[in-house]
Amino acid sequence: MTMSMSICTQLGAKIPPRCYLMDQSKTFLNLQKTHSMPPEKKEVFKSLDKWAVKNLLPLIKPVEKSWQPHDLLPDSSLPADEFIDQVKALKDRTAELPDDYLVVLVGGMITEEALPTYQTWVNGLDGIGDETGSSLTPWAIWTRSWTAEENRHGDLLKTYLYLSGRVDMRMIEKTIHYLIGTGVDVGTENNAYMGFVYTSFQERATFVTHGNIARMAKERGDLVLAQICGTIAADEKRHKNAYVRIVEKLLEVDSSETMMAIANMMRRKITMPAHLMHDGQDPRLFDHYSAVAQRIGVYSTDDYADILEFLIRRWKLEKLEGLTSEGQRAQEFVCKLAPRIRRLQERLDLRASKINHKFSWIFNKEVSL
Ligand SMILES: [Fe+2]
Ligand SMILES: [Fe+2]
């Protein structure tokens, strides 16, 4: 009996896919820690309501001034022959995109498509969650607007890839189905301090990823795809600015607790939100997709270290004063971490083996990892 069987059996007679995935990713349901933020800390967020109205909500872009997916896709309102000409042009542009590039683009799109999971996760953060689905706290208004903006990313990329004909849409749709059913476990413990540290890091990571995918599309001659990914990257940057601003404010009003939240998140590593992805075939799909992203230079360990250094500078963590002794230990750990990550990666690079892997998303064609 495998490890996954034994844990799943304890949870019930039927083995749900979630359990299978949780075991495959070495994340165990019974190790999930919840509600670690002291209840009185909810008041910190309440005391920041006015600040959030003034400093957070202006970072939402009005709908009337926002782009929509259809602006960047073949215009379906045109007469059939003109619309089909635009689709043909899209297919021509995407015909030569390399398979490894497509794998990374698909992985990014699937990550965006699991958006319902992320909104659920944010609303589970103590002190800032949307309690009714239409709550009027600035935190809830922000989260709904952020979700609405994010919703366009998956829509746009998925439609573009569908029209390209280069990818196996059914396998991609299955992966999205599995992923939303499985959820996300990034270890933030319903703690809003840790949640906002996570989103600061993760939005910057998505900005870097989409920016690199845009650059590569341009190099490969698909200027529309470059514009699409560049447009998405601009959204991610604005979202990153919002979350970074929240953590900056938390550092001002509650420096030790915030510093410890940053250290906690960095100790457990910032896991990308789609880390539990599965296509029904490859139990290590996320690892394989990440390996390709690292190899072609879309998102690497160097980027991870760069993001950490960016946040340390942006939040002026090295200069933080007045911390408790625990806060000081957290500060020391975080401020010395980036060089350690880079050294570890250099050692892993030396050991890297060149192997090929089949991805169902591109009709089981092989791509080197
Ligand atoms: Fe996004
Ligand atoms: Fe985002």
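Please read all numbers here as calculations on a predicted model, not as lab measurements.

Looking at the iron ion (ligand 2), the protein donor atoms are Glu150 (OE), Glu203 (OE), Glu203 (OE) and Glu236 (OE), and they sit 1.9 to 2.7 Å from it. Bound by 4 donor atoms, the iron ion (ligand 2) shows angles of 52 to 133 degrees at the metal and therefore irregular coordination geometry. Counting along the primary sequence, the residues that act as donors to the iron ion (ligand 2) give the motif E-x52-E-x32-E. Here the iron ion (ligand 2) and the iron ion (ligand 1) are spaced 3.5 Å apart, and both take Glu150 as a donor. Of this pair, Glu150 sits in helix H8 (residues 138-164) while Glu203 sits in helix H10 (residues 192-219), and the two are 53 residues apart along the sequence.

Turning our attention to the confidence of the model for the protein chain. Of the residues in the protein chain, 91% have a pLDDT of 70 or more, and the chain-wide mean is 92. Every residue in residues 1-28 scores below 50 in pLDDT, and together they form 32 contacts with partners more than four places removed in sequence or on other chains.

A few words on the packing of helix H6 (residues 99-113) against H10. The geometry of H6 relative to H10 is characterised by a closest axis approach of 11 Å and an angle of 145 degrees between their N-to-C directions. Here H6 runs over H10; the crossing is left-handed. Across from Tyr101, Val104, Leu105 and Glu112 in H6, the residues of H10 making contact are Thr206, His210, Ile213, Met216 and Ala217. A per-class count over the contact of H6 with H10 returns 6 nonpolar, 2 polar and 1 charged.

The next subject is the UniProt feature "binding site: Fe cation 2" (unreviewed entry) in the protein chain. As recorded in UniProt, the feature "binding site: Fe cation 2" (unreviewed entry) lies at Glu150, Glu203, Glu236 and His239. Separation in sequence by 90 residues is not matched in space for these annotated residues, since their most distant C-alpha atoms are only 10.9 Å apart. On the accessibility criterion, Glu150 (5% relative accessible area) is buried. Sequence-distant contacts of Glu150, that is, excluding residues within four places in its chain, are made with Glu112, Leu115, Glu203, Glu236 and His239. Here His239 is to be found in helix H11 (residues 223-253). Residue classification places His239 among the buried positions, given a relative accessible area of 0%. Filtering out sequence-adjacent residues up to four positions away, His239 remains in contact with Trp142, Trp146, Glu149, Glu150, His153 and Glu203.

If you look at the biggest cluster of nonpolar residues, it comprises 114 residues, and the most contacted ones within it are Trp139, Ile262, Leu317, Phe359 and Trp361. Of all the elements, H10 adds the most residues to this core, at 13 residues. Apart from residues no more than four positions distant in its own chain, Phe359 is found in contact with Val103, Leu285, His288, Tyr289, Val292, Asn364, Lys365, Val367 and Leu369.

This brings us to the packing of aromatic side chains. Counted under the stated rule, the structure contains 12 aromatic pairs. On the numbers, 6.4 Å between centres and 80 degrees between planes, the contact of Trp146 with Tyr243 is edge-to-face. Taken as a pair, Trp146 in helix H8 and Tyr243 in helix H11 lie far apart in primary sequence, 97 residues in all. Comparing Trp146 with Tyr243, the two get one shared label, buried. The cationic tip of Arg152 hangs over the ring face of Trp67; the distance from NZ or CZ to the ring centre is 4.0 Å. Across from the ring centre of Phe310, 3.8 Å away, lies the NZ or CZ of Arg204, which sits over that ring.

Parameters at a glance
Residues numbered from 1 in each chain as written. Chains lettered and ligands numbered in written order. Predicted model: local features only at pLDDT ≥ 70, side-chain atom pairs only at ≥ 80, totals over all residues. Heavy atoms only, no water. Donors = N, O, S within 2.8 Å, 3.2 Å for Na, K, Ca; no water. Tetrahedral: all angles 85-135°; square planar, octahedral: opposite > 155°, others 65-115°. Helix = DSSP H or I, 4+ residues; strand = E, 2+ residues; numbered from the N terminus. pLDDT = per-residue confidence, 0-100. Contact = heavy atoms within 4.5 Å. Axes fitted to C-alpha atoms, helices over the stretch in contact; angles between N-to-C directions. Left-handed = near helix turned anticlockwise from the far one by under 90°. Nonpolar A, V, L, I, M, F, W, Y, C, P; charged D, E, K, R; others polar. UniProt positions renumbered as here; feature names shortened; annotations may be inferred. Buried < 20%, exposed > 50% of the residue type's maximum accessible area, 1.4 Å probe, protein only. Core = buried A, V, L, I, M, F, W, Y, C linked by side-chain atoms within 4.5 Å. Phe/Tyr/Trp six-rings, centres within 6.5 Å; stacked < 30°, edge-to-face > 60°. Lys NZ or Arg CZ within 6 Å of the ring centre and 35° of its normal.

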